[in-house]
Amino acid sequence: MKRTEIKEALRSINYGSEINVKGWVRSRRGNKNVSFIALNDGSTIKNIQIVVDLEKITEEQLKLVTTGACISATGILVESMGKGQAVEIQATDIEVYGTADPLTYPLQKKGHTMEYLREVAHLRPRTNTFGAILRIRHNMAIAIHTYFHEHGYFYFHTPLITASDCEGAGQMFQVTTKNLYNLKKDENGQIDYSDDFFGKMAALTVSGQLEGELGAMALGKIYTFGPTFRAENSNTPRHLAEFWMIEPEVAFIQKEELMDLEEDFLKYCVRWALEKCADDLQFLNDMFDKTLIARLQSVIDTEFVRLPYTEGINILQEAIKNGRKFEFPCNWGDDLASEHERYLVEEHFDKPVIMTDYPKEIKAFYMKLNEDNKTVQGTDVLFPAIGEIIGGSVREEDYDKLMAEIERRQIPMKDMWWYLDTRRYGSAPHAGFGLGFERLMLFVTGMQNIRDVIPFPRTPKSAEF
Ligand code: ATP
Ligand code: MN
């Protein structure tokens, strides 16, 4: 008999008809006359109840139907008398596909900690919590593609392996086919990459932006959505070594329009979550964070604050004068720590903040220099509970200014001639941003740790599964 997904079955009103569902047993309880199986197939957070009359199917036949087992259940769809569900299935036949020994199955009924679940990441998608998170993750990816597609952007694929080391060289994962036990060195003791696969040093990308700019200089509006890799040796709840990044890049826009895009895009994604993931969000709201849905709604309803860095520093110093304590200093020129970002967003404004015009020393070489010669047109978005969710900027389109900055920083550009060509041939004002997909997921799900919003997290000393 053809399988009906549980999501469909729960919506059906074909009472009295025969139906087949398949899924994993969440629990089984009952008495000597009747047994109730809660079955979930991942299509929805909700379980369907299978009612087994023990005169028709014996306890002996049911003994393998334990938590975690996979079964196929056929029966009659009926209106449920019990509360909490509209329909249930009166079983006529149960087939066990795969058993799950109750003595060893790692997911017993309830109440495992998030830390424990990370150790069983191969099975945690079967929990209510991770089912909800992973369905939301899918929906957010669709939201992102839909937003850009509907706004005329082209999905542009940038390489994952790169041989340009100008950005974030220190935190790149090298890619090599060389025998690490027998490395050829030159007369200065430096590794000779000429016989390596690419004939030069190569690494996994930390960002698709530079190639994304090439796309924008031809297609006008592009976005990337792919994996990025950073060998950040900091173990924080907001950093992964492998994460997904969304990077739109747009020709012919300036700072105000970039900020409009950041705000409109984030609101669109959050609205999408509230509309398409209502059941899963309700579950997370009830189980983990009673203010989650209200927080999502408030982001949609409020206008983001647009705050120049210098004004932000003034606010923080005023707060310090009034007795607010911070762990790290924040004088003009310092990179803001997450405690500073959160003070501004959560305490001072109680709204998302787009911070702009940062000191050039704390930002990347490609950001457009302001007339003061001290600040650059960065536009980072700071979110409640997260801190930095988007890092954006207007790009320096002037060849001479860009080169001056590259030389001042002594950035090795020998492999970057192609990037500089964008400024030599038909250069144009342009801007873009990078959104960490898992940072967005943290915000939307209310989870506390970035390891819990991606199926298989990669972090220092951890690459299991
Ligand atoms: P942070 O200061 O939080 O480390 P960053 O300044 O290094 O961020 P960018 O280089 O601007 O970040 O990257 C763009 C976006 O990618 C960030 O705004 C953030 O959302 C996300 N991001 C950066 N590093 C990581 C990481 N290690 N894991 C997950 N997301 C990240
Ligand atoms: Mn970083």
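As a reminder, the structure under discussion sits directly above these lines.
All of the points below concern the structure found in this document. (Residues numbered from 1 in each chain as written. Chains lettered and ligands numbered in written order. Predicted model: local features only at pLDDT ≥ 70, side-chain atom pairs only at ≥ 80, totals over all residues. Heavy atoms only, no water.)

**A few points about the overall build of the protein chain**
Heads up, the condition is: Working definition: helices are DSSP H or I runs of at least four residues, strands are E runs of at least two. Numbering for both runs from the N terminus. Think of it in three bands: with a 1.4 Å probe and only protein chains considered, a residue is buried below 20% of the maximum accessible area for its type, exposed above 50%, and partly exposed in between. Note on areas: Shrake-Rupley with a 1.4 Å probe; residue coverage comes only from the protein chains shown. Charge assignment: positive for Lys and Arg, negative for Asp and Glu; neither His nor the chain ends contribute. Charge positions come from single atoms, namely NZ of Lys, CZ of Arg, CG of Asp or CD of Glu.
The secondary structure content of the protein chain amounts to 13 helices and 16 strands. Projected onto its principal axes, the C-alpha positions of the protein chain cover 85 × 60 × 45 Å. Out of the 465 residues belonging to the protein chain, those deemed buried represent 52%. When the accessible surface of the protein chain is summed, it comes to about 23,100 Å², and 51% of that surface belongs to carbon and sulfur atoms. Charged side chains in the protein chain number 54 positive and 69 negative. The centres of these two groups are separated by 5 Å.

**Some points on the packing of aromatic side chains**
Aromatic rings considered in pairs are described by the distance between their centres and by the relative angle of their planes. Selection criterion: Whether two aromatic rings pair depends on their centres lying within 6.5 Å, for rings of Phe, Tyr and Trp, where Trp uses its six-membered ring; planes under 30 degrees apart make the pair stacked, over 60 edge-to-face, and the rest tilted. Throughout this description, the term charge over a ring refers to an Arg CZ or Lys NZ atom that lies within 6 Å of the ring centre and within 35 degrees of the ring normal.
Applying the stated criterion across every chain yields a total of 21 aromatic pairs. Relative to Tyr419, the ring of Trp418 lies with its centre 6.3 Å away and its plane at 80 degrees, an arrangement referred to as edge-to-face. The residues Trp418 and Tyr419 share a single accessibility class, namely buried. Cluster of aromatic residues (ring-pair linked, three or more members): Tyr147, Phe148, Tyr153, Tyr155, Tyr223, Phe265, Tyr268, Trp272 and Phe433. Residue placement shows Lys276 over the ring face of Trp272; its charged tip is 4.5 Å from the ring centre. Between Lys363 and the ring centre of Tyr358, over which it is positioned, the NZ or CZ distance is 4.2 Å.

**What to know about the pattern of salt bridges**
Side chains that differ in sign of charge can pair as their charged atoms come close. In plain terms, the rule: Salt bridge, as used here: a side-chain nitrogen of Lys or Arg that lies within 4 Å of a carboxyl oxygen of Asp or Glu.
Per the stated rule, a full pass over the model turns up 31 salt bridges. The shortest N-O distance in the salt bridge between Lys414 and Asp415 comes to 3.3 Å. By relative accessible area, Lys414 is classed as exposed at 69%. Using a relative accessible area of 19% as the deciding quantity, one classes Asp415 as buried.

**A look at the side chain of Thr445**
Heads up, the condition is: Any N or O atom pair separated by 3.5 Å or less is treated as a polar contact, with the protein-specific requirement of one donor-capable and one acceptor-capable atom, and with residues adjacent in sequence counted only for side-chain atom pairs. Any two residues having at least one pair of non-hydrogen atoms within 4.5 Å are treated as being in contact.
Inspection of the secondary structure puts Thr445 in helix H13 (residues 437-445). Of note is the side chain of Thr445, whose polar atom sits 3.2 Å from the backbone nitrogen of Met447. Leaving out residues up to four positions away in the same chain, Thr445 has contacts with Ile133, Ile136, Leu284, Leu292 and Val453.

**Section: H13**
Burial analysis of H13 places 9 of its 9 residues in the buried class, which makes it a mostly covered element. Among the residues of H13, those classed as buried are Phe437, Glu438, Arg439, Leu440, Met441, Leu442, Phe443, Val444 and Thr445. Note on H13: the residue one or two positions beyond its end, Gly446, has a positive phi of about 75 degrees.

**A word on the sheet that holds strand E7 (residues 161-162)**
Put simply, the test is: Pairing between two strands is assigned when DSSP locates at least 2 bridges connecting them.
Pairing within the open sheet is antiparallel, and its 3 strands lie in the order E7-E9-E8. Edge positions in the sheet fall to E7 and strand E8 (174-175), since each of these pairs with one other strand and no more. Inspection of the sheet shows E7 paired to strand E9 (residues 202-204) by 2 bridges, in the antiparallel sense. Looking across to E9, one finds that Ile161 is bridged to Leu204.

**Things to note about the sheet that holds strand E5 (residues 87-98)**
Defined as follows: Think of each axis as a best-fit line through the C-alpha atoms, taken over the contacting stretch in the case of a helix, with angles from 0 to 180 degrees between the N-to-C directions.
Ordered by their spatial adjacency, 5 strands build a closed barrel running E1-E2-E3-E5-E4, and the pairing between neighbours is mixed. Between one strand axis and the next, the sheet turns by 55 degrees as a mean value, whatever way the strands run.

**Re helix H10 (residues 338-349)**
A turn of α-helix holds 3.6 residues, and therefore any two residues three or four places apart point the same way. To keep it simple, the criterion reads: Helix span, as expected, comes to 1.5 Å for every residue beyond the first.
Here H10 is 12 residues long and its end C-alpha atoms lie 15 Å apart, about the 16 Å a rise of 1.5 Å per residue gives. Along H10, the positions that sit buried rather than exposed are His340, Glu341, Tyr343, Leu344 and Val345. As for H10, its buried residues are in contact with strand E12 (305-308), helix H9 (309-321), strand E13 (353-359), strand E14 (375-383) and strand E15 (387-394). Where H10 terminates, the next one or two residues include Asp350, which has phi positive at roughly 55 degrees.

**A short note on the side chain of Asn20**
Examined against the element boundaries, Asn20 turns out to sit in strand E1 (residues 18-30). Residue Asn20 is classed as buried on the basis of its relative accessible area of 2%. A polar contact of 3.0 Å, which involves the side chain of Asn20, links it to the side chain of Thr74. In contact with Asn20, other than residues within four places in its own chain, are Met1, Lys2, Arg3, Thr4, Ser72, Ala73 and Thr74.

**A few points about the packing of H9 against H10**
The angle between the axes and the distance between the axes are what describe a pair of packed helices. What counts, and what does not: Throughout this description, any angle smaller than 35 degrees is read as roughly parallel, any larger than 145 degrees as roughly antiparallel, any in the 65 to 115 degree range as roughly perpendicular, and the remainder as oblique. Polar here means any residue outside two lists: the nonpolar Ala, Val, Leu, Ile, Met, Phe, Trp, Tyr, Cys and Pro, and the charged Asp, Glu, Lys and Arg; Gly therefore counts as polar.
At a minimum axis distance of 11 Å, the contact between H9 and H10 shows a crossing angle of 80 degrees. Between H9 and H10, the interaxial angle falls into the category roughly perpendicular. Counted together, Gly312, Ile315, Leu316 and Ala319 of H9 and His340, Tyr343, Leu344, His348 and Phe349 of H10 form the full contact between these two elements. Classifying every residue of the contact of H9 with H10 gives 6 nonpolar, 3 polar and no charged.

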